[in-house]
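The residues making up each chain are set out below.
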Amino acid sequence: MNLLTTSGFDTQPSATTYELEDLISLAWRGHIRVPHFQRDFRWGTQDVIRLFDSISKGYPIGNLLLWERRSGPGPVTLGTLEIEAPAADNALWVVDGQQRITSLANALHPAGNEHPPFAIYYDLAMREFVARPKVLEAAHIPLPVLFDLDRLLDWFSGVGQESSEYFPEARQVAKRLRQYKVPAYLVRQDDERVLTDIFDRMNNYGKRLSRAEIFSALFAGPEEDSADRLSIPRIAEQVAARSGFGTIDANTVLHAILARRGPDPTRDIRSEFDDSSRRTAPEFPGEDRDTAYGQGEQALALAISFLQEKAGVPHASFLTYKALLVVLTRFFAHFPNPRQRNLELLRRTYWRVSVSGPAVFKGSFTQMSRILCAVIKPGDEDASVSGLIDSMASARRVMPNVERFRTNEATGKIILCSWWALRPRSPITGSPYDAGELTNLLGEQSTAAVSVQYVFPRGLDSRRQLWAANRLFTPGQLETGDAFLERMAQQPMDLDDEVWDGILASYVLDRSMMDSLSRGERDAFLVARQKKAEDQLHKFLSQMAEWEYEDTPALDSLDFDELDGEESDGSL
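Residues numbered from 1 in each chain as written. Predicted model: local features only at pLDDT ≥ 70, side-chain atom pairs only at ≥ 80, totals over all residues. Heavy atoms only, no water.

Chemist: Break down the pattern of salt bridges for me, citing the residues and quoting the values.
Modeler: On inspection of all chains with the given rule, the structure shows 32 salt bridges. The partner of aspartate 551 in a salt bridge is arginine 352, with the nearest N and O atoms 2.9 Å apart. Highlighted residues: aspartate 551 in the loop between helix H22 (522-545) and helix H23 (560-570) and arginine 352 in helix H13 (residues 340-356), separated in sequence by 199 residues. Assessed through its relative accessible area of 29%, aspartate 551 is described here as partly exposed. On the basis of relative accessibility, which here comes to 8%, the residue arginine 352 falls in the buried class. A salt bridge links arginine 464 to aspartate 461, with the shortest nitrogen-to-oxygen separation between them at 3.1 Å. Take arginine 464: its relative accessible area is 16%, and that puts it in the buried class. For aspartate 461, a relative accessible area of 37% corresponds to the partly exposed category. (Salt bridge = Lys/Arg side-chain N within 4 Å of Asp/Glu carboxyl O. Helix = DSSP H or I, 4+ residues; strand = E, 2+ residues; numbered from the N terminus. Buried < 20%, exposed > 50% of the residue type's maximum accessible area, 1.4 Å probe, protein only.)

This is the structure in structure tokens:
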């Protein structure tokens with residue numbers, strides 16, 4: 001259904017103001033609630049500090065938009081606060097102002113103030129709001145104390161007795177906080193579609209929401225039972241928990257869901273579940289939001305499994321381009337059990353695109369996902385795979401440059417995959433680290449930086465500082481490059497030469513390099529290791545991309561009777 005209706009409000013919103021003390025009391029009693037279609041809390045400590053600084057100076061902090069409606073009893077989460085809210089005929093749901101209300105309610109509450117980013121104090125001596133200092137002094141007063149007159153008096157009688165000269169200042173700031181007037185619009189409207197429409201329009205101006213957040217708001221569904229329904233963040237969490245691949249960002253999850261349902265993941269999202277308003281025929285007619293989310297999650301999980309088991313990509317931080325995960329999700333949505341031969345061709349496609357990058361697609365990641373998704377034809381697995389691999393027919397084969405290694409760039413991620421293929425081993429036991437240990441190390445990191453250490457963090461020119469040879473991939477432990485190499489400098493007595501040589505090789509090292517290092521010959525070490533890293537990269541990509549092989553489809557997809565007929569016709 002198209003949400004851009006002409007019905008609007010039955011009655012105009014009413015304007016009102018709340019003194020901050022009254023507003024916070026409503027929040028703490030569970031009378032103010034956050035709809036499930038709202039985005040997560042995003043502010044940092046400095047944002048919260050600026051909010052309180054504005055209030056103390058009497059600056060405007062913007063209007064709130066509150067949806068007044070009857071609501072049942074139940075638990076309410078507001079930032080770090082868990083509140084058991086009673087039923088209310090006129091509970092206030094935050095349509096606009098979530099970041100402000102959450103910050104105020106938590107920073108001024110004794111329990112909420114214990115946790116960043118709400119751990120805010122007032123420095124009486126400097127007359128400014130600050131993050132909780134590492135060393136508390138007599139002039140540092142926590143906001144919950146400052147906000148509560150009784151607690152404020154007790155504080156100056158006890159802990160803050162040494163700062164009694166600042167009492168007039170504290171009392172004045174406390175008064176400004178409690179009596180600050182917050183303007184608000186109250187909306188009385190039963191149609192949730194109108195509220196999500198307003199949410200959409202308001203957040204398309206100024207600091208815009210992400211596409212995934214807008215989509216989540218537009219198709220949030222009813223407030224009732226929202227905790228039991230799939231959401232985009234929940235899909236990301238569940239897939240990460242099952243796969244150990246790390247958390248996929250919300251926009252990529254959304255694009256994967258959209259790619260499963262149609263060939264253009266960048267299409268307009270406002271009529272996604274209204275088949276009559278779609279410009280192209282839906283591939284899953286009549287499918288509702290919950291089904292789309294559930295099936296999208298399954299396809300995304302299959303795509304990640306392929307990357308880990310077939311393509312040598314162990315973690316999201318090793319993924320060269322997110323657009324490729326979107327394309328793979330579409331493929332596995334339509335072909336969840338592809339032929340072995342097609343899996344090989346799919347692996348070749350992934351690595352050929354990774355090496356060539358978006359240049360083949362006019363330098364656009366959007367074009368990359370649109371073009372590749374479009375060649376995947378529901379019901380025809382072999383044609384889809386052929387279309388994918390043919391899309392790279394004109395690509396130039398250019399090997400990545402090992403002279404520039406950054407973990408947040410595609411080249412660095414490709415090099416990391418080539419190092420992961422060596423199965424780095426424990427220098428103590430000789431056993432290879434597994435994907436689980438890598439996942440434990442990386443956690444939810446967006447890059448693999450924590451698993452990569454400098455060999456020489458200082459003392460090299462800027463060019464050699466970036467060489468792959470100057471980095472060590474240590475997936476099983478957090479330690480400096482110096483400490484790791486010191487461990488590798490001495491072969492343990494219980495490991496024979498063959499095992500030790502294998503351990504060294506798994507880190508792109510050998511005995512001659514370690515000898516150069518022990519003699520302080522940096523240049524010899526770097527040059528030898530750079531050559532070895534380059535050789536390993538070429539070997540890895542040759543195995544994965546298989547440029548020299550024929551890209552013929554699976555044998556069981558060929559019609560041999562037809563081929564025999566063609567040969568016979570040609571012999572006449």
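Right, picking up where we left off after that structure.
Chemist: Can you lay out unusual backbone geometry for me, pointing to particular residues and giving the numbers?
Modeler: Most peptide bonds take the trans form, and the phi angle of most residues other than glycine is negative. Here proline 116 and proline 117 are connected by a cis peptide whose omega angle stands at 0 degrees. Tracing the chain through its elements places proline 117 in the loop between helix H3 (98-107) and strand S7 (120-123). Backbone geometry places valine 508, a non-glycine residue, at a positive phi of 60 degrees. The residue valine 508 is located in the loop between helix H20 (497-505) and helix H21 (511-518) in this model.

Chemist: Which residues make up the confidence of the model for the protein chain, and what are the values?
Modeler: Residues of the protein chain with pLDDT of at least 70 account for 90%, and the chain-wide mean is 87. Averaged pLDDT values for the elements of the protein chain fall to 43 in H23 and rise to 97 in helix H12 (residues 322-334). Below pLDDT 50 for its whole length, residues 1-6 participates in 12 contacts with residues either more than four positions away or in separate chains. Segment residues 562-572: pLDDT under 50, and zero contacts once partners within four positions in sequence are set aside and those in other chains are kept. (pLDDT = per-residue confidence, 0-100. Contact = heavy atoms within 4.5 Å.)

Chemist: Could you give an account of the sheet that holds strand S10 (residues 181-187), naming the residues involved and the relevant values?
Modeler: In space, the five strands of this open sheet follow the order S1-S10-S3-S6-S2, with mixed pairing throughout. The sheet is open, and its two borders are formed by strand S1 (14-19) and strand S2 (32-33), each paired with just one other strand. As judged from the four bridges shared by strand S3 (residues 64-71) and S10, these two strands associate in the parallel manner. Counterpart to leucine 64 in the pairing with S10 is alanine 184. (Pairing = 2+ DSSP bridges.)

Chemist: Outline a negative patch on the surface, supporting the account with residue identities and numerical values.
Modeler: Among the surface-exposed residues, Glu21, Asp22, Asp148, Asp150 and Asp154 lie close enough to one another that they form a single negatively charged patch. Counting only elements with at least two residues in the negative patch, the list comes to helix H1 (20-28) and helix H5 (149-157). Mapping aspartate 22 onto the fold places it in helix H1. For aspartate 22, a relative accessible area of 45% corresponds to the partly exposed category. (Patch = residues over 30% accessible without salt bridge, like charges linked within 9 Å, V, L, I, M, F, W, Y side chains within 5 Å. Areas by Shrake-Rupley, 256 points an atom, 1.4 Å probe, with all protein chains shown as cover. Lys, Arg positive; Asp, Glu negative; His and termini not counted. Charge placed at Lys NZ, Arg CZ, Asp CG, Glu CD.)

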